[in-house]
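# Report on the structure
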Amino acid sequence: MCRVVDLQQAVLAKNEVAAHALRTGLAARGTTVVNLLSSPGSGKTALLERELLLARERGVPVAALTADLATENDARRLARSGVPVKQVLTDGLCHLEADMLGRHLEGWLPQTTRLVFVENVGNLVCPASYDLGESLRVVLASVAEGEDKPLKYPTAFGLAQLVVVTKTDIADAVGFDEPAFRAHVEQVNPGVEVVLTSARRGEGVGVLLDRAMAAADGEPAHEPVMGRQNRGHHHHGDVSRQMNGSHTHPHPHDRADDPGQSGYAASAGLAAQPRA
């Protein structure tokens, strides 16, 4: 059992190193990563498409990378926005990791990109434990998922720097209790902002882009209480393992003895290429 725990810790520690390197390299070229987490069917793809369209209208250089177990459906939808989009098929893996993201960004991400929106695999368990080198972590939940969602997934919501409620156009139909949802979010993550959105009606569209740009401009994002317990690192990592529902078991590709990182995360190439 100790060997398994040691391996779990080694896997997450390795990811933390890769995430720090990726964050530093991207920051050196003026690029900020936004990590989007949600359950399947939350409506994050529809909202992200609206945000990408708005970014293009505003002249903000953005790109999007979307991860799924199978199909390229989401990439095709997001590509309608006219911005660079890349699909990552995880072939059964339930989350992205920092070195994996770095490999997919390397050689693809346009040099002038200001924001990269990463649509993580639809899952509120596995992705919560893995820092992707993001400067803003966003958790989304639709009004149809229940007001107690934050209590059921405390790691995901507890480490969020922004919480987005989607599909408010059907809130009345499903009996969504907004005060109860906000109270449950506050219980696991005091002080985090909760934004209401409807991609269909346009409610709240643009807030996500505004918050992402604020992070890119260096404004401090919300610091979750859970993150403060781990001040020696970024706001994920070991703290995630302390919460019920955290996901730290090693997958077949997790090799704690592999010192290699993605070229994107480990090379000096990013820092050596300032934005034009």
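Check the entry above for the structure.
Here's what I pulled together on the structure shown here.

Cut-offs used in this document
Residues numbered from 1 in each chain as written. Predicted model: local features only at pLDDT ≥ 70, side-chain atom pairs only at ≥ 80, totals over all residues. Heavy atoms only, no water. Disulfide = S-S within 2.5 Å. Helix = DSSP H or I, 4+ residues; strand = E, 2+ residues; numbered from the N terminus. Buried < 20%, exposed > 50% of the residue type's maximum accessible area, 1.4 Å probe, protein only. Phe/Tyr/Trp six-rings, centres within 6.5 Å; stacked < 30°, edge-to-face > 60°. Salt bridge = Lys/Arg side-chain N within 4 Å of Asp/Glu carboxyl O.

## Brief notes about the state of the cysteines
Tallied over the full model, the rule gives one disulfide. Shown here is the disulfide that connects cysteine 94 with cysteine 126, its sulfur atoms set 2.3 Å apart. Taking the torsion about the sulfur-sulfur bond, which here is approximately -100°, the covalent link between cysteine 94 and cysteine 126 counts as left-handed. Of this pair, cysteine 94 sits in the loop between β3 (85-89) and α4 (98-105) while cysteine 126 sits in the loop between β4 (115-119) and β5 (136-142), placing them 32 residues apart in sequence. The same class applies to cysteine 94 and to cysteine 126, which are both buried.

## Comments concerning the packing of aromatic side chains
Evaluation of the coordinates by the stated rule reveals two aromatic pairs. Ring geometry for phenylalanine 157 versus phenylalanine 181: centroids 6.4 Å apart, planes at 80°, classification edge-to-face. Here phenylalanine 157 is found in helix α6 (residues 154-158), whereas its partner phenylalanine 181 is found in helix α8 (residues 178-188), with 24 residues between them in sequence. When the centroid spacing of 5.7 Å and the interplanar angle of 55° are considered together, the rings of phenylalanine 176 and phenylalanine 181 count as tilted. As far as burial versus exposure is concerned, phenylalanine 176 and phenylalanine 181 are alike and both buried. An aromatic cluster is defined as three or more aromatic residues linked by ring pairs; in this entry it consists of Phe157, Phe176 and Phe181.

## Some words on the pattern of salt bridges
Enumeration according to the criterion identifies 11 salt bridges in this entry. The partner of arginine 137 in a salt bridge is glutamate 134, and the shortest N-O contact between them spans 3.0 Å. Like arginine 137, the residue glutamate 134 is buried in the burial classification. Across the salt bridge formed by lysine 149 and glutamate 145, the nearest N and O atoms sit 3.0 Å from each other. Exposure class is identical for lysine 149 and glutamate 145. Each is buried.

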